[in-house]
Each structure stands twice: as structure tokens, then as C-alpha cells.
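# Structural description and commentary
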Amino acid sequence: MKGEFQLRLYQVHEDGGYEQMIGTQLSHFAGVLPAVGDTLTIWHTGSPYSYFEVVGRHFIEPREGTFGWAIMVRGFYPDSHFLELIRQWVSDTEQLG
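Residues numbered from 1 in each chain as written. Predicted model: local features only at pLDDT ≥ 70, side-chain atom pairs only at ≥ 80, totals over all residues. Heavy atoms only, no water.

### Concerning the sheet that holds strand β4 (residues 49–60)
Strand order in the open sheet formed by 5 strands is β2-β1-β5-β4-β3, with mixed pairing between adjacent strands. Strands at the two margins of the open sheet, each flanked by one partner only, are β2 (18–24) and β3 (39–43). On average, each strand axis in the sheet is inclined to that of its neighbour by 40 degrees, with strand direction left out of account. Sheet analysis places β3 next to β4, joined by 5 bridges and oriented antiparallel. By the bridge assignment for β4, I42 is matched with S50. Relative to β4, helix α1 (residues 80–96) is tilted by about 95 degrees, and along the sheet it contacts β3 and β4. (Pairing = 2+ DSSP bridges. Helix = DSSP H or I, 4+ residues; strand = E, 2+ residues; numbered from the N terminus. Axes fitted to C-alpha atoms, helices over the stretch in contact; angles between N-to-C directions. Contact = heavy atoms within 4.5 Å.)

This is the structure we're talking about:
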């Protein structure tokens, strides 16, 4: 029997291992599946933003259980232009709020 659909983000570590970061629905990304080359800026409670690049995605449909997309990401250190974009986004959001 099939389980429900899930989208899972996995961080790829330097040693080649994977760590699940989030298990969610496609609606978490406004219905858009992150593609290879996309960048994600994620706020972690109690810590600063973390920055990731999508390096792979794989649809997994096991015989039974949860099925869906595994999105593989690698962390990166953003340059000053990227950080300015994030700062501007936060500023614009505060002004709208």
C-alpha cells in the first residue's frame, strides 16, 4: 500500500553522507520543486541563515510506504552580493509587514 507523498531535503556532507534537513509537502516551496542549481536560504531557529545549492534530485517510489522527491543540497558561503539580496528581502518584508 502506498503511503503519502513527501519532499525531503538532504544535506550532502563532505564525507558523502546524507542528513535529512526537512520532510515536507511541495506546498512548502509554493508548489515548485527545487531544481539543480537553485539556491535556498533557510533560517534556523536560534541561528543565522544557512545557504544551500541544490545539487541533485531523485524521485523515489518504494514498493510500500512514503514516496516522493529527495532533494540533495550542499551548503555554501555566500558572497557580498548574495548577502545584500537577502538583507534587502528581509528589509522589504519588514516594510510590508
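### As for the packing of aromatic side chains
The geometry of two aromatic rings is summed up by the distance between their centres and the angle between their planes. In total, this model carries 8 aromatic pairs according to the counting rule given. A ring pair is formed by F59 and F67, whose centres lie 6.4 Å apart and whose planes are at 65 degrees; its orientation type is edge-to-face. For F67, a relative accessible area of 22% puts it in the partly exposed group. When the centroid spacing of 5.4 Å and the interplanar angle of 70 degrees are considered together, the rings of F59 and W69 count as edge-to-face. One end of the pair, F59, is in strand β4; the other, W69, is in strand β5 (residues 65–75), and 10 residues separate them in sequence. Ring pairs connect the aromatic residues F5, F59, F67 and W69, which therefore count as one cluster. The cationic tip of R57 hangs over the ring face of W69; the distance from NZ or CZ to the ring centre is 5.3 Å. (Phe/Tyr/Trp six-rings, centres within 6.5 Å; stacked < 30°, edge-to-face > 60°. Buried < 20%, exposed > 50% of the residue type's maximum accessible area, 1.4 Å probe, protein only. Lys NZ or Arg CZ within 6 Å of the ring centre and 35° of its normal.)

### Describing the pairing of strand β1 (residues 2–12)
Direction of pairing for β1 relative to β5: parallel, over a ladder of 8 bridges. Directly across from R8, in β5, lies its bridge partner A70. Note that β1 and β2 share 6 bridges and pair antiparallel. The residue of β2 that forms the bridge with Y10 is Q20.

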